[in-house]
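# Topology and contacts: notes
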Amino acid sequence: MRTEVAIIGAGPAGLLLSHLLAQDGIESVVVEIRSAEYVASRIRAGVLEHSTVELLESVGLGERLRREGDEHRGIHLQWPEERHHIDFVDLTDRSVWIYGQTEVQKDLVAARASAGQEIHYEVTDTALHDLDTERPYVTFTDVDGVAQRLDADVVVGCDGSFGPSRGAVPDSVKQSWERVYPYSWLGILADVAPSTDELIYAWHPDGFAMHSMRSSTVSRLYLQVPNGTDVADWSDERIWDGLATRLGHGQDGWQLNPGPITEKSVLPMRSFVQTPMRHGRLFLAGDAAHIVPPTGAKGLNLAVADVAMLAPALAALLRKKDPTLADSYSDDALRRVWRCTHFSWWMTTMLHTSDDPFDAQLQLSQLRWVTSSEAGAAGLAENYAGLPIGF
Ligand SMILES: Cc1cc2nc3c(=O)[nH]c(=O)nc-3n(C[C@H](O)[C@H](O)[C@H](O)COP(=O)(O)OP(=O)(O)OC[C@H]3O[C@@H](n4cnc5c(N)ncnc54)[C@H](O)[C@@H]3O)c2cc1C
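Report on the accompanying structure. (Residues numbered from 1 in each chain as written. Predicted model: local features only at pLDDT ≥ 70, side-chain atom pairs only at ≥ 80, totals over all residues. Heavy atoms only, no water.)

## Examining the sheet that holds strand β18 (residues 278-279)
Within the open sheet, the 6 strands sit side by side as β8-β2-β1-β12-β19-β18. Their pairing is mixed. Bordering the open sheet on either side are β8 (118-120) and β18, each of which pairs with just one other strand. Sheet analysis places strand β1 (residues 5-8) next to strand β12 (residues 154-157), joined by 4 bridges and oriented parallel. By the bridge assignment for β12, Ile7 is matched with Val156. (Pairing = 2+ DSSP bridges. Helix = DSSP H or I, 4+ residues; strand = E, 2+ residues; numbered from the N terminus.)

## A word on the nonpolar core
Among the nonpolar cores identified, the biggest contains 67 residues, and Val5, Leu16, Leu17, Leu48, Val156 and Leu314 are the most heavily contacted of them. Looking at this core element by element, the count peaks at 13 residues for helix α8 (residues 299-319). The residues touching Leu48, leaving out its near neighbours within four places in the chain, are Val53, Leu56, Leu65, Val96, Trp97, Tyr99, Val104, Leu300 and Asn301. The next biggest cluster of nonpolar side chains, apart from the first, holds 34 residues, and it includes Ile98, Met213, Met269 and Val370. (Core = buried A, V, L, I, M, F, W, Y, C linked by side-chain atoms within 4.5 Å. Buried < 20%, exposed > 50% of the residue type's maximum accessible area, 1.4 Å probe, protein only. Contact = heavy atoms within 4.5 Å.)

## A short note on the sheet that holds strand β10 (residues 137-141)
With antiparallel pairing, 3 strands are arranged side by side in an open sheet as β9-β10-β11. If you trace the sheet from one side to the other, it starts and ends with β9 (124-129) and β11 (147-151), each paired once. Neighbouring strand axes in the sheet, compared pairwise and without regard to direction, differ in orientation by 15° on average. Judged from the 4 bridges that link them, β9 and β10 form a sheet pairing that is antiparallel. Directly across from Leu128, in β10, lies its bridge partner Val138. (Axes fitted to C-alpha atoms, helices over the stretch in contact; angles between N-to-C directions.)

## Some words on the packing of aromatic side chains
Overall, the coordinates contain 10 aromatic pairs when judged by the stated rule. Taken together, a centroid distance of 5.1 Å and an interplanar angle of 35° make the contact between Phe88 and Tyr384 tilted. Of this pair, Phe88 sits in helix α5 (residues 88-92) while Tyr384 sits in helix α11 (residues 374-385), and the two are 296 residues apart along the sequence. With respect to burial, Phe88 and Tyr384 carry one shared label: buried. An aromatic cluster of at least three residues, connected via ring pairs, comprises Phe88, Trp185, Tyr201, Phe208, Tyr222, Phe343, Trp346 and Tyr384. Over the aromatic face of Trp234 sits the side chain of Arg238, whose NZ or CZ is 3.7 Å from the ring centroid. (Phe/Tyr/Trp six-rings, centres within 6.5 Å; stacked < 30°, edge-to-face > 60°. Lys NZ or Arg CZ within 6 Å of the ring centre and 35° of its normal.)

## Quick word on the packing of helix α9 (residues 324-351) against α11
The angle between the axes and the distance between the axes are what describe a pair of packed helices. Here α9 crosses α11 at 125°, and the two axes come no closer than 10 Å. For the element pair α9 / α11, the angle class is oblique. For the crossing formed where α9 meets α11, the hand is left-handed. Seen from α9, the contacting residues are Arg339, Phe343, Trp346, Met347 and Met350; seen from α11, they are Leu380, Asn383 and Tyr384. (Parallel < 35°, antiparallel > 145°, perpendicular 65-115°, else oblique. Left-handed = near helix turned anticlockwise from the far one by under 90°.)

Set out below in structure tokens:
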């Protein structure tokens, strides 16, 4: 097989890249280890930044988002006995949209299917070759067990944190930075109307909790738990009790409405960045190059920002033989990656409790500052609603 751009991974980064490239008349083939159904049903992110929404809209992917998504002006930040609203629109003139990653994925799959995009699902043994040359290629075994070779001008690793692309950059070239946090999130999906209009981020001595939502009938909630937590130790009743305590059920008359839990999982928290995001004819985008803890709602948005910068760079490289943008892609993308890495770390360390009482006082002081100073609130708002792509 031959194509212009071989894309590894059919998550949001891979499919959006194939969509953006097609708009520039560039052909791509996508290979994906999982089945289409599995990829479509993965419950992950749910907050879209202002720039993500603008980009999706500009390339014909905003119609259902505007119809079924929910625009939020800001978030609630709270600690025992206090709840404050940070209004992003007042502070920065930018909002966020609640629209699940599953929905973004469905829209991307539908758009690529109607354009006849070639996607090979359920492949195995994906391997990258000759990345230092102008004739790189990818090998894999297809769903029927047939060995395949995909020749391309460029290979893009959009294969998330466990794919092979990141490891294809030689050790002599790559550098990585990592922070593993001493806690995880126990996340649930529940068939119950959200008990809040906008997301609640709660600091509590028992640990962080968050109330978000996927729709008017489905809520998504999280509890800080120790690393290594087994979901089996958390009955539905224990989860709702923990959420009620940490989110302040009864505080100023506010009620948390419990409902049937349809999904439970534990998500470890990690920050990770690997540089450079380009080596020879291999480019990395999304979680393949960087992971953020979900507290700042940045993972999916960063994947979108990466491919928004990469698509024009590849178009210039392949169509005009102009390597300028491709050569600066790694540095350009990493500026935003580090900004979001810092913001995600900042939100995480402000809100997650440890056993250290000194840390707790610093966190409460920071929360008071962010919620009472316009400068403090504006900094949070600007980062949360998202800096422009290319910032
Ligand atoms: C378990 C989990 C829960 C998350 N929860 C949240 C959340 O609650 N809130 C939030 O803001 N963010 C969350 N995130 C982050 C967000 O979902 C990611 O940042 C986003 O999915 C990144 O998109 P991506 O396309 O770069 O990577 P992915 O969505 O990971 O896509 C990578 C694709 O590559 C495929 N792949 C892997 N290996 C191979 C291979 N060998 N060959 C071919 N294909 C391969 C994978 O199957 C996958 O489909 C979560 C992430 C994870 C992993």
